[in-house]
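# Observations on the model geometry
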Amino acid sequence: MLGMLKKVFDGNQRQVNKYEKIAHQVDALGADIGKLSDDQLREKTEEFKGRIAKGESLDSILPEAFAVVREASTRVFEKRPFLVQIMGGIALHEGNIAEMKTGEGKTLTSTMPVYLNALSGKGVHVVTVNEYLANRDATEMGELYNFLGLTVGLNLTGMSREEKIEAYAKDITYSTNNELGFDYLRDNMVLYKEHMVQRPLNFAVIDEVDSILVDEARTPLIISGSARKSTTLYIQANGFVRNLTVEEDYTYDVKTKAVQLTEEGITKAEKAFGFENLFDLQNVTILHHINQALKAHASMFRDTDYVVQDGEVVIVDSFTGRLMKGRRYSDGLHQAIEAKEGLEIQNESMTLATITFQNYFRMYKTLSGMTGTAKTEEEEFRNIYNMSVVAIPTNLPIARDDKPDLIFKSIDGKFRAVGERIAELHANGQPVLVGTVAVETSELISKYLTKKGIKHNVLNAKNHEREADIIAEAGQRGAVTIATNMAGRGTDIKLGEGVKELGGLAVVGTERHESRRIDNQLRGRSGRQGDPGMTQFYLSMEDELMRRFGSDNMRAMMERLGMDDTQPIESKMVSRAVESAQKRVEGNNFDARKQLLQYDDVLRQQREVIYGQRYDVLASENLREVVEAMIKSTIDRTVEAHCPASDEPEEWNLKAIADFVEANLLREGELLETELTGKEAEEISEYIYTKVRTRYDEKEAELEPEQMREFEKVIVLRAVDSKWMDHIDAMDQLRQGIHLRAYGQIDPLREYQMEGFAMFESMISAIEEEVATYVMKAQIRNNLERQEVAKGQAVIPNAEGEAPKKKPVTKSVDIGRNDACICGSGKKYKQCCGANA
């Protein structure tokens, strides 16, 4: 009865059953497709393209297309996708996440939906977590696509614009998530439409989708420019904080990682910096620096949260254990850590363009992904990305033995037991993969094994260049590999000769991660494709997860029972408590990502408006209508400000209107105050607008049409880019301080939405006014130049970023000596930038 109810209500099983039927249709076509010659198989691609062009849907072609790829794979790789891989491919085509266990052949699974969607000619992006995997998959899978007559491109960091345009123009493009996001941002900073590298975002398959859309979701991609600020305050704050003591001068909450000054600490700070009241408004800056220095000392740990390499602080990704070169902590925390470590303090940066992976990937027409572990985050995928997680059955039953956790009283006892267990397994010749959470843990175990004379490989944030090679060797007889977390994802651990008989790969986890997914990924390294294997986690009451979620009672019980460090508890109750703690942490992390998205959605709506309009400007041949609309808005706002409906016409400030128009839109003496007297507000607007249009016509008559059109573009692009960049920075400042509104019983998100909208409206007004002023007042002497308003640096995780390379045509803009200076200062040109001309 229970089994029957499960079948009725289990949504995953219904999806699997549906995919299984389609997979059998694909399988049934195998015999006929198998009779085709290589050339006939290749011709199928053109046939499918022709049918799609005539209106046939991709869904209707799916069985045949999948059967063609399956046959081609058999001929090219001598690998024939299993039924479960076809089912996974269907899940991907439908825009879902295919959860497939390690070793089930996800890379081959993706070839079927990638081929099918590439037939539309709109481009398919295959997204990987690092450039090694992108390069490997593009090369290996490229053989299959080329055999079937499709083109494959590879998009890497440091490529020239021309190379990127070529890569994106291919039927299928392999790239990392970082590079795709940065290319999108750079495309919306270009000065010529021809310089854009990406096509409209169509279909994407994300490998290790949980890593990219969940683990990386809280880190926005940023293109930044330097904002030069004094580094003295960081040094002063660091000098003060290093002498403080915990509990007496400040408190540190292990659970939330929050650090706060006590009354004693506040008094010391006031004395040290000579303030009467540290919380006075004029002391906001130094208080901020003290707080960041406190965070750097109390909650950021060297070789756990970051490493020092070549005189720089490099962040360690808490999920992957990899170094994230080029990425910096925001809000001055990175500088505070540099001060703590006695390094040269780098300049803070100003954000020029930014987007989160959440908002970038939601722009694809169809988004899909694959991973070995996604079910635990299903709610997040459904709510944020509208993707279902479909757990695809394994081709062969899982034969791995997942042993219960062993819990020790202290960390020392745990590590001694881990070392002994590794030595025991190694003596039998069974390969061992040791999973660690932090860099320092992997080094600790490495030292122990070195003392014991056990040969081993260490794969951590300090050594990921040989990652794939080390992981590939991890299944050989007698191999011992120490790896941080998800190191080696995307690379199979194949068992060496005779290893199956020894029990397969043994996985020893030295700590539970705060996310169940990461633990499951570590387990999943063993027991691929029905192979034998064993996994076991070793925990202690002093582990961070246990400390954060109340291990005191359990510890007291162990002491009462007189248990020492050599006696572990093997308790299902403790394992359940750990899992419960993990669920709570996952819930907290999901809430944090959801909140980030809610805030970023405010900027997303604004970004879409600006980027959309900016593209229209680049693509447009004639901007006169756009500019005239901006001039009209500027005039209307000015008239409205000085002719309020609540006042009598006699009280209107017509002189101010005339002065504004004369200074910004018309030449001296072209509009007198008397001309506006006796008119209604709307009539005044229309009267001025007519005069300005006449002057616009005169100006256009003085120039070649091409010159006028380019002049309009120069002005509009400059105004939009400069104001937008200032706006992003202002929104960033607002975002950082908005949480304080909660103390006044005000919803910070609602305030951010309202103030963000008001700031955006204000920015649009400023753009319109600047465009109106410069189009009407600037004098064109020679040629024109589209100029970048700022040089940007892409802050790229896991790789060194490089500033976008742009080569606009060199031209120049000039203005009259009595006109407003084009730098935006508000002064006349002769008194500002033209003073030394």
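Source: prediction; values computed, not measured.

## Notes on the packing of helix α5 (residues 58–76) against helix α7 (residues 106–118)
The geometry of α5 relative to α7 is characterised by a closest axis approach of 9 Å and an angle of 130 degrees between their N-to-C directions. With respect to each other, α5 and α7 are oriented oblique. Handedness of the α5/α7 crossing: right-handed. For the pair α5 and α7, contact is made by Leu 58, Ile 61, Leu 62, Ala 65, Phe 66, Val 68, Val 69 and Ser 73 and by Leu 108, Thr 111, Met 112, Pro 113, Tyr 115, Leu 116 and Asn 117, respectively.

## A closer look at unusual backbone geometry
The general pattern is negative phi for most residues beyond glycine and trans for most peptide bonds. The phi dihedral of Glu 78 falls on the positive side, at around 60 degrees, and the residue is not glycine. A positive phi is found at Asp 310, a non-glycine position, where the angle reads about 55 degrees. By the element assignment, Asp 310 lies in the loop between β9 (306–309) and β10 (312–316).

## A look at the sheet that holds strand β5 (residues 203–207)
One open sheet holds the 7 strands; their spatial order is β3-β4-β2-β5-β13-β1-β14, and the pairing between them is parallel. Whereas interior strands pair on both sides, the edge strands pair on one side only; in this sheet they are β3 (152–155) and β14 (389–391). On average, each strand axis in the sheet is tilted by 20 degrees relative to the strand beside it, whichever way the strands run. The pairing of strand β2 (residues 124–128) with strand β4 (residues 172–176) spans 5 bridges and is classified as parallel. By the bridge assignment for β4, Val 127 is matched with Ser 175. The strands touched by helix α9 (residues 161–169) within the sheet are β2, β3 and β4, with β3 carrying the most contacts at an inclination of about 140 degrees.

## Describing the side chain of Arg 607
Among the secondary structure elements, Arg 607 is positioned in helix α24 (residues 572–619). The residues touching Arg 607, leaving out its near neighbours within four places in the chain, are Thr 354, Ile 355, Asn 359, Asp 600, Gly 612 and Trp 724.

## Brief notes about the pairing of β4
Regular strands place side chains that alternate from one sheet face to the opposite one. A large share of β4 lies buried, amounting to 5 of its 5 residues. The alternating pattern of β4 places Ile 172, Tyr 174 and Thr 176 on one face and Thr 173 and Ser 175 on the opposite face, and all of these are buried. Pairing between β3 and β4: 4 bridges, direction parallel. What sits directly across from Asn 155, in β4, is Ser 175. Since β3 and β4 lie parallel, the crossover through α9 that links them has a hand, and here it is right-handed.

## Focus on the pairing of strand β17 (residues 432–436)
Taking burial as the measure, the 5 residues of β17 include 5 buried ones, the bulk of the element. Going residue by residue along β17, you find Val 432, Val 434 and Thr 436 tucked away on one face and Leu 433 and Gly 435 tucked away on the opposite face as well. By the bridge criterion, 5 bridges tie β17 to strand β19 (residues 480–484) in an arrangement that is parallel. When the sheet's bridge partners are listed, Gly 435 is paired in β19 with Ala 483.

## Digging into the packing of aromatic side chains
All told, the structure shown has 13 aromatic pairs when counted by the stated rule. Their ring planes at 70 degrees and their centres at 6.2 Å tell us that Tyr 611 and Trp 724 sit as a pair that is edge-to-face. A residue pair is termed long-range when its members are at least 10 positions apart, and Tyr 611 in helix α24 and Trp 724 in helix α28 (residues 705–737) qualify at 113 residues. Using a relative accessible area of 6% as the deciding quantity, one classes Tyr 611 as buried. Since its relative accessible area comes to 5%, Trp 724 is described here as buried. Arg 42 extends its terminal NZ or CZ atom over the ring of Phe 147, reaching a point 4.9 Å from the ring centre.

## Observations concerning the confidence of the model for the chain
Confidence in the prediction of the chain, expressed as mean pLDDT, is 83, and 84% of residues score 70 or more. Contacts for the low-pLDDT stretch residues 4–9, under 50 throughout, to residues beyond four places or in other chains number 3 contacts. Confidence drops under a pLDDT of 50 for residues 796–817, and excluding neighbours within four residues, the segment shows 79 contacts in the predicted structure.

## A word on the environment of Thr 157
Inspection of the secondary structure puts Thr 157 in the loop between β3 and α9. Judged by relative accessible area, Thr 157 falls into the partly exposed class, the value being 25%. Sequence separation between Thr 157 and Glu 179 is 22 residues, and the spatial gap between their C-alpha atoms is 6.5 Å. At a separation of 3.2 Å, a polar atom in the side chain of Thr 157 contacts the side chain of Glu 179.

## Topic: the nonpolar core
Judged by nonpolar contacts, the single largest core of 92 residues is most densely connected at Leu 185, Leu 213, Phe 361, Phe 381, Ile 631, Ile 688 and Val 771. In terms of residue count, the dominant contributor to this core is α28 (12 residues). If near-sequence neighbours (up to four positions away) are discounted, Ile 631 is found in contact with Tyr 689, Val 692, Tyr 696, Ala 772 and Met 776.

## Considering helix α2 (residues 11–28)
With 18 residues, α2 extends 26 Å between its outermost C-alpha atoms, agreeing within 8% with the 26 Å of an ideal straight helix rising 1.5 Å per residue. Turning to α2, its buried residues are Asn 12, Val 16, Tyr 19, Ile 22, Ala 23 and Val 26. All buried residues of α2 project into a common sector of 130 degrees when viewed along the axis, lining one side. For α2, exposure combined with an orientation more than 90 degrees from the buried face picks out Lys 21 and Ala 28. Elements that come into contact with the buried residues of α2 comprise α3 (30–34), α5, α6 (83–93) and β14.

Rules used throughout
Residues numbered from 1 in each chain as written. Predicted model: local features only at pLDDT ≥ 70, side-chain atom pairs only at ≥ 80, totals over all residues. Heavy atoms only, no water. Axes fitted to C-alpha atoms, helices over the stretch in contact; angles between N-to-C directions. Helix = DSSP H or I, 4+ residues; strand = E, 2+ residues; numbered from the N terminus. Parallel < 35°, antiparallel > 145°, perpendicular 65-115°, else oblique. Left-handed = near helix turned anticlockwise from the far one by under 90°. Contact = heavy atoms within 4.5 Å. Pairing = 2+ DSSP bridges. Buried < 20%, exposed > 50% of the residue type's maximum accessible area, 1.4 Å probe, protein only. Right-handed = clockwise from strand over helix to strand, strands pointing away. Phe/Tyr/Trp six-rings, centres within 6.5 Å; stacked < 30°, edge-to-face > 60°. Lys NZ or Arg CZ within 6 Å of the ring centre and 35° of its normal. pLDDT = per-residue confidence, 0-100. Polar contact = N/O pair within 3.5 Å; in protein donor to acceptor, adjacent residues only side chain to side chain. Core = buried A, V, L, I, M, F, W, Y, C linked by side-chain atoms within 4.5 Å. Expected span 1.5 Å × (residues − 1). Arc of directions from axis to C-beta.

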